[in-house]
Amino acid sequence: MPKYYEDKEEDGQACWGVREDLRQCLLESPCVLQENKSPKQCLREGHCRSLQMTFFACKRSMLDTRARFRGRKGY
């Protein structure tokens, strides 16, 4: 489940909340903790797929000129 980091200071980067949630999800996954794989390998295997797709949609919305009116995807 995504965790919105209200107590953290925003770092000024786009999609920072989704990036932080994806990072935490990967670091807390059994793939990293029990199998001792790198987070990059676990991401390629399909762990935390929903957050990965949300992060992709957020990054893609940065390039979309319609996002000026609609706002960025994600949170």
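Above this note sits the structure.
Please read these numbers as outputs of a predicted model, since none were measured by experiment.

Criteria and thresholds
Residues numbered from 1 in each chain as written. Predicted model: local features only at pLDDT ≥ 70, side-chain atom pairs only at ≥ 80, totals over all residues. Heavy atoms only, no water. Helix = DSSP H or I, 4+ residues; strand = E, 2+ residues; numbered from the N terminus. Contact = heavy atoms within 4.5 Å. Expected span 1.5 Å × (residues − 1). Buried < 20%, exposed > 50% of the residue type's maximum accessible area, 1.4 Å probe, protein only. Arc of directions from axis to C-beta. Disulfide = S-S within 2.5 Å.

Here we take up the environment of R19. In this fold, R19 is placed in helix α1 (residues 16-27). Spatially, the C-alpha atoms of R19 and L51 are 8.4 Å apart, while their sequence positions differ by 32 residues. Dropping the residues within four chain positions of it, R19 is found in contact with Q13, A14, F55 and K59.

The end-to-end C-alpha separation of helix α4 (residues 49-63) is 22 Å, in line with the 21 Å expected for 15 residues at 1.5 Å each. Among all positions of α4, only L51, F55, C58 and S61 are buried. Along α4, the residues classed as buried sweep out an arc of 125° about the axis, all on the same side. Residues of α4 that are exposed and point over 90 degrees away from its buried face: F56, R60 and L63.

Attention now goes to the state of the cysteines. Here, disulfide denotes a covalent bond that connects the sulfur atoms of two cysteines. Counted under the stated rule, the structure contains 3 disulfides. The disulfide that involves C25 links it to C48, with 2.0 Å between the sulfurs. Taking the sign of the S-S torsion, -95° for the link of C25 and C48, the bridge is left-handed. One end of the pair, C25, is in helix α1; the other, C48, is in the loop between α3 (39-45) and α4, with 23 residues separating them in the sequence. Across the disulfide from C31 sits C42; the S-S distance is 2.0 Å.

Bringing the environment of P30 into the picture now. Tracing the chain through its elements places P30 in helix α2 (residues 30-33). Residue class for P30 comes out partly exposed when judged on its relative accessible area of 47%. The sequence separation of P30 and C42 amounts to 12 residues, and the corresponding C-alpha distance is 9.4 Å.

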